[in-house]
Amino acid sequence: MTNMDNEERYWPFDILPRHELTDLGKKKLDFLERGYQAGYKPYEVRSSFGATGPQGRTAFICHRGGDRQWEVKLGEGGDESVASRWSTDFAVCTTWASLWLEGKPLAEVWNDGVG
């Protein structure tokens, strides 16, 4: 593994055409595109995804193996571990991430995200 394997690739970058992506690939693409359109800095690093919002909030979604387990980690002001939660649904994790980046309070993020 080279050092570049762990570097963040900020959106936009080259990917397969949408019609060639798996359902999960389309969900990942949606996360990148929505984040970019909202003014965040979405990125991919290996098989994980993240974004930084304009208020210094961060969200990081990583695969935790087995049965498609995903973890979303939320951060703020340099603290990358404000909260985290697991889901088997990548889309639920992207909802939590998006709500957090929008500036919603943590309780609202978890309640509105379902999961």
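What counts, and where the lines are drawn
Residues numbered from 1 in each chain as written. Predicted model: local features only at pLDDT ≥ 70, side-chain atom pairs only at ≥ 80, totals over all residues. Heavy atoms only, no water. Core = buried A, V, L, I, M, F, W, Y, C linked by side-chain atoms within 4.5 Å. Buried < 20%, exposed > 50% of the residue type's maximum accessible area, 1.4 Å probe, protein only. Helix = DSSP H or I, 4+ residues; strand = E, 2+ residues; numbered from the N terminus. Polar contact = N/O pair within 3.5 Å; in protein donor to acceptor, adjacent residues only side chain to side chain. Contact = heavy atoms within 4.5 Å. Pairing = 2+ DSSP bridges. Axes fitted to C-alpha atoms, helices over the stretch in contact; angles between N-to-C directions.

Participant: Any chance you could explain the nonpolar core here in plain terms?
Facilitator: Soluble, globular proteins show a tendency: their nonpolar side chains are buried together. Core analysis: the biggest nonpolar cluster contains 25 residues, and Ile61, Val72, Leu74, Trp96, Val109 and Trp110 have the highest contact counts within it. Where this core is concerned, the elements lending two or more residues are α1 (23-37), β3 (48-52), β4 (57-63), β5 (70-76), α2 (90-101) and α3 (106-113). It is α2 that provides the largest number of residues to this core, a total of eight residues.

Participant: For this particular structure, what's the right way to read the side chain of Glu71?
Facilitator: Mapped onto the elements of the fold, Glu71 is located in strand β5. A distance of 2.7 Å separates the side chain of Glu71 from the side chain of Arg64, its partner in a polar contact. Apart from residues no more than four positions distant in its own chain, Glu71 is found in contact with Phe60, Ile61, Cys62, Arg64, Ser84, Arg85 and Trp86.

Participant: Can you walk me through the sheet that holds β5 in this structure?
Facilitator: Pairing between sheet strands relies on hydrogen bonds along the backbone, with the strands arranged either parallel or antiparallel. The sheet built from six strands is open, its strands ordered β1-β2-β3-β4-β5-β6 with antiparallel pairing. What marks the edges here is a single partner per strand, and that holds for β1 (9-10) and β6 (79-87). Bridge count for β5 against β6 is six bridges, and the pairing is antiparallel. Bridge pairing links Glu76 to Asp79 in β6. Of the strands in this sheet, β2 (41-45), β3, β4 and β5 touch α1, which is tilted by about 15° from β3.

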